[in-house]
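Read off the chains here:
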Amino acid sequence: MNVSDNYRNAWESYWEKTSDEPGEAIWDAGVELTAVPHTELLLPHADPALPVVDLGCGNGTQTRYLATRFARAVGVDLSHAAVEHARRGGEGDGVEFQQLDLTDADAVRALHERLGDTNVYMRAVIHQSEPEARSAVAAAVAELTGARGRAFVVELTSGSRAVLQRAAQGPGGPGPKLRRVFEHGLKPADAPDEEIRHLLGGAGLEILAEGDTALAQTEYLPDGSLLELPAHWFVLARRQV
């Protein structure tokens, strides 16, 4: 299957109207708040000599950090505009970017054939995917991981909906970065908590470690505090049969 035209167009529109300024995208938090602590959770289980694939890489901020911890890093995103942002931020030195629809099983398989088994980093992709596409996204994680790779997946929990609702209902309404998310029809925290676990298991992935966390955004609340969204992380391996 492939994602719907409406979904693809929403992401293209969002990234086309996003500048290259660091942090303009609401989820483009600094690596010290995201990929750095996430990598510390993944590395005890993963072989850093394998490549890492950053699924839903956006403008590539996290991908470029991952390239310093693994043999090479490949950032992929559904949006051509996002990939162009990422490439302008810099390729080379073990970093590359390409467009990829995670629901296109043939394209995902071709990437696995090119790279071999990989480690996978996926931050908040399933929760905003279309419901009918979520199982394919989980399957892409399993395909790329193969027998030797490990995956770090972190997804927003249902608690994020209440936080987003409060942020949107402040005295001035949602902040400009959050407003843009809504204007483009993107749907954060849309997947039920138990669905995430079910999808990962259904894709043949077993949980090696997990825990609660919060995903820092680049938007600030009216009281001056950073917007942080409740999330849950998993370190995963392909179940051996």
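Residues numbered from 1 in each chain as written. Predicted model: local features only at pLDDT ≥ 70, side-chain atom pairs only at ≥ 80, totals over all residues. Heavy atoms only, no water.

Chemist: Explain the sheet that holds strand β7 (residues 226-238) to me, and be specific about the residues and the numbers.
Modeler: One open sheet accounts for 7 strands, arranged β3-β2-β1-β4-β5-β7-β6; its pairing is mixed. Whereas interior strands pair on both sides, the edge strands pair on one side only; in this sheet they are β3 (95-99) and β6 (205-220). Strand after strand, the sheet turns through a mean of 20° between neighbouring axes, direction not considered. Across 4 bridges, the pairing between strand β1 (residues 52-55) and strand β2 (residues 73-77) is parallel. Looking at β2, one finds that Val52 is bridged to Ala73. Along the sheet face, helix α4 (residues 80-89) touches β2 and β3 and points at about 165° away from the line of β3. Set on the sheet, helix α6 (residues 134-145) makes contact with β1, β4 (119-123), β5 (151-156), β6 and β7; between it and β4 the angle comes to about 155°. (Pairing = 2+ DSSP bridges. Helix = DSSP H or I, 4+ residues; strand = E, 2+ residues; numbered from the N terminus. Axes fitted to C-alpha atoms, helices over the stretch in contact; angles between N-to-C directions. Contact = heavy atoms within 4.5 Å.)

Chemist: Tell me what's going on with the nonpolar core, and back it up with residues and numbers.
Modeler: By size, the foremost hydrophobic cluster in this structure holds 44 residues, and its most contacted members are Trp15 and Phe152. Excluding anything up to four places from it in sequence, Trp15 contacts Ala25, Trp27, Gly58, Asn59, Ser79, Ala81, Ala82 and His85. Counting 29 residues, the second largest nonpolar core, distinct from the first, contains Val108, Val120, Ala138 and Ile196. (Core = buried A, V, L, I, M, F, W, Y, C linked by side-chain atoms within 4.5 Å. Buried < 20%, exposed > 50% of the residue type's maximum accessible area, 1.4 Å probe, protein only.)

Chemist: Mind laying out the packing of helix α1 (residues 5-16) against α4, listing which residues take part and the relevant values?
Modeler: At a minimum axis distance of 7 Å, the contact between α1 and α4 shows a crossing angle of 35°. Residues Glu12, Trp15 and Glu16 of α1 pack against His80, Ala81, Ala82 and His85 of α4.

Chemist: Let's hear about α4: which residues, and what values?
Modeler: Buried within α4 are the following residues: Ala81, Ala82, Val83, His85 and Ala86. Elements that come into contact with the buried residues of α4 comprise α1, α3 (61-66), β2 and β3. Its side-chain oxygen placed 3.2 Å from the backbone nitrogen of Ala81, Ser79 serves as the N-cap of α4. Taken from the residues just after α4, Gly90 is the one with a positive phi, measuring 125°. (Polar contact = N/O pair within 3.5 Å; in protein donor to acceptor, adjacent residues only side chain to side chain.)

Chemist: Tell me about the packing of helix α5 (residues 105-115) against α6, residues and numbers included.
Modeler: Where α5 meets α6, the closest approach of the two axes is 9 Å, and the angle between their N-to-C directions is 20°. By the criterion of interaxial angle, the relationship of α5 to α6 is roughly parallel. In the packing of α5 onto α6, the handedness of the crossing is right-handed. Two secondary-structure elements touch here, α5 through Val108, Arg109, Leu111 and His112 and α6 through Ala140, Glu143 and Leu144. Residues that form the contact of α5 with α6 fall into these classes: 4 nonpolar, 1 polar and 2 charged. (Parallel < 35°, antiparallel > 145°, perpendicular 65-115°, else oblique. Left-handed = near helix turned anticlockwise from the far one by under 90°. Nonpolar A, V, L, I, M, F, W, Y, C, P; charged D, E, K, R; others polar.)

Chemist: For the pattern of salt bridges, give the residues involved together with the corresponding values.
Modeler: One pass over the full model with this rule turns up 12 salt bridges. We note a salt bridge from Asp101 to Arg8, for which the minimum N-O separation is 3.3 Å. Within this pair, whereas Asp101 is found in the loop between β3 and α5, its partner Arg8 is found in helix α1, the two being separated by 93 residues in sequence. Using a relative accessible area of 6% as the deciding quantity, one classes Asp101 as buried. Here Glu195 and Arg134 are joined by a salt bridge, their closest N and O atoms 3.1 Å apart. Taken together, the residues Glu195 in helix α9 (residues 193-202) and Arg134 in helix α6 connect sequence positions 61 residues apart. One network of salt bridges, in which partners are shared, links Arg72, Glu96 and Arg114. (Salt bridge = Lys/Arg side-chain N within 4 Å of Asp/Glu carboxyl O.)

Chemist: Would you mind going over empty space enclosed by the protein in detail, with residue names and values included?
Modeler: This model, assessed by the stated rule, comprises 1 cavity of 30 Å³ or more. Empty space within the largest cavity amounts to approximately 650 Å³. Examining the composition of the lining of the largest cavity, we find that 3 residues originate from one element, α1, more than from any other. Of the residues belonging to the lining of the largest cavity, the class tally is 25 nonpolar, 10 polar and 7 charged. (1 Å grid on protein atoms, 1.4 Å probe; cavity = no way out; pocket = protein on both sides within 12 Å on 5 of 7 lines; lining within 4 Å. Points joined across faces, edges and corners; volume = space filled by probe spheres on them.)

Chemist: Let's hear about unusual backbone geometry: which residues, and what values?
Modeler: Phi is positive for Ala124, which is not a glycine, with a value near 60°. Its place among the elements puts Ala124 in the loop between β4 and α6.

Chemist: Describe the packing of aromatic side chains, and please don't skip the residues or the numbers.
Modeler: Inspection of the entire model under this criterion finds 8 aromatic pairs. Here the aromatic rings of Trp11 and Trp27 are separated by 5.5 Å at their centres, their planes lie at 55°, and the arrangement is tilted. With Trp11 in helix α1 and Trp27 in the loop between α1 and α2 (35-42), this pair connects stretches of sequence that are 16 residues apart. Residue Trp11 is classed as buried on the basis of its relative accessible area, which comes to 11%. Taken together through their ring pairs, the aromatic side chains of Tyr7, Trp11, Tyr14, Trp15 and Trp27 make up a single cluster. (Phe/Tyr/Trp six-rings, centres within 6.5 Å; stacked < 30°, edge-to-face > 60°.)

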